[in-house]
Amino acid sequence: QVQLVESGGGLVQPGGSLRLSCAASGIILRFSAMGWYRQAPGKERELVAMSTLGGTANYADSVKGRFTISTDNAKNTVNLQMNSLKPEDTAVYYCKAILSTYEFWGQGTQVTVSS
(Lines give C-alpha, C1' and ligand atoms only; values in the text may rest on other atoms or scores of the structure.)
Protein backbone atom coordinates (compact mmCIF):
# COMPACT_ATOMS: atom_id res chain seq x y z
CA GLN A 1 0.00 0.00 0.00
CA VAL A 2 1.45 3.34 -1.05
CA GLN A 3 1.62 6.00 1.65
CA LEU A 4 2.76 9.60 1.48
CA VAL A 5 3.74 11.21 4.76
CA GLU A 6 4.23 14.97 5.04
CA SER A 7 6.17 16.82 7.70
CA GLY A 8 7.39 20.32 8.40
CA GLY A 9 4.23 22.35 8.78
CA GLY A 10 3.62 24.76 11.61
CA LEU A 11 3.09 28.36 12.65
CA VAL A 12 5.34 31.06 11.23
CA GLN A 13 5.28 34.83 11.16
CA PRO A 14 4.80 36.74 7.90
CA GLY A 15 8.08 36.93 6.03
CA GLY A 16 9.31 33.72 7.60
CA SER A 17 10.25 30.38 6.07
CA LEU A 18 9.20 26.77 6.35
CA ARG A 19 10.32 23.60 4.64
CA LEU A 20 7.85 20.83 3.93
CA SER A 21 8.93 17.28 3.23
CA CYS A 22 7.06 14.29 1.86
CA ALA A 23 8.28 10.72 1.82
CA ALA A 24 6.65 7.78 0.10
CA SER A 25 6.57 4.21 1.33
CA GLY A 26 5.18 0.99 -0.05
CA ILE A 27 6.46 1.49 -3.59
CA ILE A 28 9.68 0.69 -5.44
CA LEU A 29 8.79 2.34 -8.75
CA ARG A 30 9.62 5.99 -9.36
CA PHE A 31 6.71 8.37 -9.52
CA SER A 32 6.34 10.26 -12.79
CA ALA A 33 5.59 13.45 -10.87
CA MET A 34 5.48 14.66 -7.28
CA GLY A 35 4.43 17.91 -5.78
CA TRP A 36 2.25 19.95 -3.50
CA TYR A 37 -1.28 21.25 -3.38
CA ARG A 38 -2.95 23.33 -0.70
CA GLN A 39 -6.43 24.02 0.54
CA ALA A 40 -7.43 27.03 2.57
CA PRO A 41 -10.67 27.13 4.58
CA GLY A 42 -13.66 27.63 2.29
CA LYS A 43 -11.57 27.30 -0.84
CA GLU A 44 -10.86 24.57 -3.35
CA ARG A 45 -7.65 22.61 -3.33
CA GLU A 46 -5.12 24.27 -5.62
CA LEU A 47 -1.77 23.49 -7.16
CA VAL A 48 1.26 24.93 -5.42
CA ALA A 49 4.10 23.22 -7.29
CA MET A 50 4.68 20.00 -9.19
CA SER A 51 7.91 18.47 -10.47
CA THR A 52 8.16 15.77 -13.11
CA LEU A 53 10.63 12.91 -13.28
CA GLY A 54 12.27 14.75 -16.18
CA GLY A 55 12.94 17.74 -13.97
CA THR A 56 10.26 20.15 -15.15
CA ALA A 57 8.73 22.19 -12.35
CA ASN A 58 5.47 24.12 -12.45
CA TYR A 59 4.49 26.69 -9.86
CA ALA A 60 1.34 28.59 -9.07
CA ASP A 61 1.77 32.25 -9.98
CA SER A 62 1.13 33.20 -6.38
CA VAL A 63 4.23 31.37 -5.13
CA LYS A 64 6.70 31.93 -7.97
CA GLY A 65 9.93 33.41 -6.69
CA ARG A 66 9.13 32.48 -3.09
CA PHE A 67 8.71 28.70 -3.09
CA THR A 68 11.10 26.09 -4.45
CA ILE A 69 10.29 22.44 -5.07
CA SER A 70 12.95 19.77 -5.01
CA THR A 71 12.77 16.02 -5.44
CA ASP A 72 14.87 12.93 -4.92
CA ASN A 73 13.43 10.66 -7.56
CA ALA A 74 15.42 7.63 -6.44
CA LYS A 75 13.96 7.92 -2.94
CA ASN A 76 10.51 9.17 -3.99
CA THR A 77 10.73 12.22 -1.78
CA VAL A 78 9.70 15.81 -2.45
CA ASN A 79 10.41 18.98 -0.52
CA LEU A 80 8.96 22.45 -0.66
CA GLN A 81 11.05 25.36 0.57
CA MET A 82 8.73 28.25 1.36
CA ASN A 83 10.24 31.69 1.86
CA SER A 84 8.70 35.14 2.35
CA LEU A 85 5.53 33.54 3.62
CA LYS A 86 2.34 35.57 3.61
CA PRO A 87 -0.88 35.18 5.61
CA GLU A 88 -2.62 34.10 2.40
CA ASP A 89 -0.30 31.08 2.26
CA THR A 90 -2.15 29.69 5.28
CA ALA A 91 -3.64 26.34 4.31
CA VAL A 92 -3.38 22.61 4.67
CA TYR A 93 -0.62 21.47 2.32
CA TYR A 94 -0.96 18.08 0.65
CA CYS A 95 1.71 16.01 -1.01
CA LYS A 96 0.68 14.44 -4.32
CA ALA A 97 2.38 11.75 -6.37
CA ILE A 98 1.50 10.42 -9.81
CA LEU A 99 2.32 7.03 -11.24
CA SER A 100 0.84 6.33 -14.66
CA THR A 101 -2.90 6.90 -14.22
CA TYR A 102 -2.79 6.63 -10.44
CA GLU A 103 -2.73 9.53 -8.00
CA PHE A 104 -1.68 9.32 -4.38
CA TRP A 105 -2.21 11.91 -1.65
CA GLY A 106 -0.77 12.52 1.76
CA GLN A 107 -2.86 13.31 4.80
CA GLY A 108 -1.90 16.99 4.79
CA THR A 109 0.10 19.28 7.04
CA GLN A 110 -1.11 22.61 8.38
CA VAL A 111 0.81 25.78 7.57
CA THR A 112 -0.29 28.91 9.40
CA VAL A 113 1.24 32.30 8.66
CA SER A 114 0.28 34.80 11.33
CA SER A 115 1.78 37.39 13.60
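Anything mentioned here points back to the structure above.
Reading the values: rules and limits
Residues numbered from 1 in each chain as written. Predicted model: local features only at pLDDT ≥ 70, side-chain atom pairs only at ≥ 80, totals over all residues. Heavy atoms only, no water. Helix = DSSP H or I, 4+ residues; strand = E, 2+ residues; numbered from the N terminus. Rg over C-alpha atoms; globule rule 2.2 N^0.38 Å. Buried < 20%, exposed > 50% of the residue type's maximum accessible area, 1.4 Å probe, protein only. Contact = heavy atoms within 4.5 Å. Areas by Shrake-Rupley, 256 points an atom, 1.4 Å probe, with all protein chains shown as cover. Pairing = 2+ DSSP bridges. Axes fitted to C-alpha atoms, helices over the stretch in contact; angles between N-to-C directions.

Peer 1: Would you mind showing me how to read the overall build of the protein chain here?
Peer 2: Across its full length, the protein chain holds zero helices and eleven strands. Its helices and strands taken in sequence order, the protein chain reads β-β-β-β-β-β-β-β-β-β-β from the N to the C terminus. Computed over C-alpha atoms, the radius of gyration of the protein chain comes to 13 Å, within 12% of the 13 Å expected from 2.2 N^0.38 for 115 residues, which places it in the range of a compact globule. Its C-alpha atoms put the protein chain at 40 × 25 × 20 Å along the principal axes. Across the 115 residues that make up the protein chain, the buried fraction comes to 41%. Sequence-distant contacts, at least 24 apart, represent 54% of the contacts inside the protein chain between residues at least 6 apart. When the accessible surface of the protein chain is summed, it comes to about 6,200 Å², and 49% of that surface belongs to carbon and sulfur atoms.

Peer 1: So what exactly am I meant to see when it comes to the sheet that holds strand 8 (residues 77–82) here?
Peer 2: In sheet architecture, strand pairing relies on hydrogen bonds along the backbone and comes in two forms, parallel and antiparallel. Ordered by their spatial adjacency, four strands build an open sheet running 1-3-8-7, and the pairing between neighbours is antiparallel. The strands lining the two open edges of the sheet, one partner per strand, are strand 1 (3–7) and strand 7 (67–72). Averaged over neighbouring strand pairs, the angle between their axes works out to 15 degrees when direction is ignored. When strand 1 meets strand 3 (residues 18–25), the two strands line up antiparallel, connected through five bridges. Each bridged residue has a counterpart across the sheet, and for Ser7 the counterpart in strand 3 is Ser21.

Peer 1: Is there a simple way to think about unusual backbone geometry in this case?
Peer 2: With the exception of glycine, most residues fall at negative phi, and the peptide bonds are largely trans. For Asn76, which is not glycine, the phi torsion reads 55 degrees and is therefore positive. Within the secondary structure, Asn76 is located in the loop between strand 7 and strand 8. With relative accessibility at 5%, the residue Asn76 sits in the buried group. You will see that Ser84, though not glycine, has its phi angle at about 50 degrees, which is positive.

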